[in-house]
Amino acid sequence: MKTITASSIFLVGLAAFGTTTTASAEELAIAIHVEPSHPMFKVGERLKESIEEKTDGEFSITLLGTEVGGERDHLEGASYGEYAIALGGSMPMTLYAEEFAAADLPFVYGSSEEAREVYNGETGELLNEQLIANGNMRLVGLSARNPRNLTSNFPVETPEDVQEVRMRVPEIAPWIQIWEEIGALPSPIAWPEVYTSLQTGVIDMQENPVDLIHAGKLYEVQSHINRTEHVYSFFHWLMNEDFYQGLSDENRDIIIGAIDEATSWGNDMVANGQADLYAELEELGMTIVEPDVAAFRSAAEPAIRDIAESYHPAVRDYVLSLVE
């Protein structure tokens, strides 16, 4: 975890959860590891406004960004009580509830709704028990992300088109295993190096959501977007468990309600923006390809079945029910 000074400890402590800084408002800190232009920061801004308005100023929200660290710093800060709420990508599941980290498994789900089921019902309750036991945090909200697609300099329609092709993937072991099963040559490369790696031929393709494809200007070095939509993942909004338990019933309902409203608003924003991004990328010269996703899912199935055995039985059974 990053080193902070005594004065910053004091300031963060004030912003954590409940130190009264004025006669009328308590300061709460929400840590968001993305840049202010990112849709999730805009969700955080809406959440801040909603909580402050609905509590009639009883709470004052401070949004903290990358100036206090990256995703892991923020998660650890929320775990220890430095922040009331923190945003996480896939990392909180990997760190604190690995048996339930199945929602972003490639070529399993056909929609965000199917992937979201991992967080509902019995599995959702068990998942939160692990997050609380291992991280002293509970999941209080999910924000949908755009699905991940392949980019390339040739059309990718079937698994045969990626055989022995060098592909960048994040350093996530199940993802690597699945792409190897399909027949590609996955190579973990840091995101800041992807553009140059494509430009110089170190890799031939990569996979990412359409927003990152656009933001990273990959249209300058890749000609095709192949809509495999192979991963449906989420951002996770996590609340420090001690803070959650210390809230009055009324304030807990207000804050959880504000999170529900802000994430729903954000989901609409992300979904509605996707079509515009595709249109812009086509205008920039990219070709949109509709692959045979069923063929990819079939090729990935042996690896998916193997990976599913490491999940909690409730999650394993759900995953396997989708690939049968």
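In short, a report on the structure. (Residues numbered from 1 in each chain as written. Predicted model: local features only at pLDDT ≥ 70, side-chain atom pairs only at ≥ 80, totals over all residues. Heavy atoms only, no water.)

1. Side note on the sheet that holds strand S12 (residues 287-289)
Pairing is mixed in the open sheet, where six strands are placed in the order S8-S7-S9-S6-S10-S12. For this open sheet the edge positions go to strand S8 (185-188) and S12, each flanked by a neighbour on one side alone. Adjacent strand axes in the sheet meet at a mean angle of 35 degrees when their direction is disregarded. Sheet topology note: the strand S6 (residues 148-152)/strand S10 (residues 224-231) ladder contains four bridges and is antiparallel. Note on S10: the bridge partner recorded for Thr 151 is Ile 225. Docked against the sheet, helix H7 (residues 173-182) engages S6, strand S7 (166-169), S8, strand S9 (205-209) and S10, running at close to 160 degrees with respect to S8. (Pairing = 2+ DSSP bridges. Helix = DSSP H or I, 4+ residues; strand = E, 2+ residues; numbered from the N terminus. Axes fitted to C-alpha atoms, helices over the stretch in contact; angles between N-to-C directions. Contact = heavy atoms within 4.5 Å.)

2. So, helix H11 (residues 249-283)
Compared with an ideal rise of 1.5 Å per residue, which puts 35 residues at 51 Å, H11 spans 51 Å between its outermost C-alpha atoms and is within 8% of the ideal. Of all the bends in H11, the greatest measures close to 25 degrees and is centred on Gln 274. Backbone geometry just downstream of H11 places Gly 285 in the positive-phi region, at approximately 110 degrees. (Expected span 1.5 Å × (residues − 1). Bend = angle between axes of the 7 residues up to and from the residue.)

3. Quick word on H7
Turning to H7, its buried residues number three or more, namely Trp 175, Ile 176, Ile 178, Trp 179 and Ile 182. End-on, the buried residues of H7 take up no more than an arc of 165 degrees, which puts them together on one face. In this structure, the buried residues of H7 make contact with S6, S7, S8, S9, S10 and helix H12 (293-308). (Buried < 20%, exposed > 50% of the residue type's maximum accessible area, 1.4 Å probe, protein only. Arc of directions from axis to C-beta.)

4. A closer look at the side chain of Gln 222
You can see Gln 222 is positioned in the loop between helix H9 (210-215) and S10. Overall, the relative accessible area of 3% leaves Gln 222 in the buried class. Among the polar contacts made by the side chain of Gln 222, one reaches the side chain of Thr 151 at a distance of 2.8 Å. In this structure the side chain of Gln 222 is engaged in a polar contact, spanning 3.4 Å, whose partner is the backbone oxygen of Asp 204. Those residues in contact with Gln 222 that sit more than four places away from it in its chain are Thr 151, Ser 152, Asn 153, Leu 198, Asp 204, Met 205, Gln 206 and Met 286. (Polar contact = N/O pair within 3.5 Å; in protein donor to acceptor, adjacent residues only side chain to side chain.)

5. Observations regarding the pairing of strand S4 (residues 85-88)
Alternating positions in S4 separate into two faces, Ile 85 and Leu 87 on one and Ala 86 and Gly 88 on the other, with burial throughout. In this sheet, S4 lies alongside strand S2 (residues 26-31) in parallel orientation, the contact comprising two bridges. Across the sheet, the residue bridging to Ile 30 is Ile 85, located in S4.

6. Let's talk about the layout of surface pockets
Each pocket or cavity is described by its volume, and for the second largest pocket that value is around 220 Å³. For the second largest pocket, the full set of lining residues is Arg 116, Tyr 119, Asn 120, Asn 128, Arg 138, Leu 139, Val 140, Gly 141, Leu 142, Asp 260, Thr 263 and Asn 267. Counting only elements with at least two residues in the lining of the second largest pocket, the list comes to strand S5 (137-144) and H11. The leading source of residues in the lining of the second largest pocket is S5, at five residues. (1 Å grid on protein atoms, 1.4 Å probe; cavity = no way out; pocket = protein on both sides within 12 Å on 5 of 7 lines; lining within 4 Å. Points joined across faces, edges and corners; volume = space filled by probe spheres on them.)

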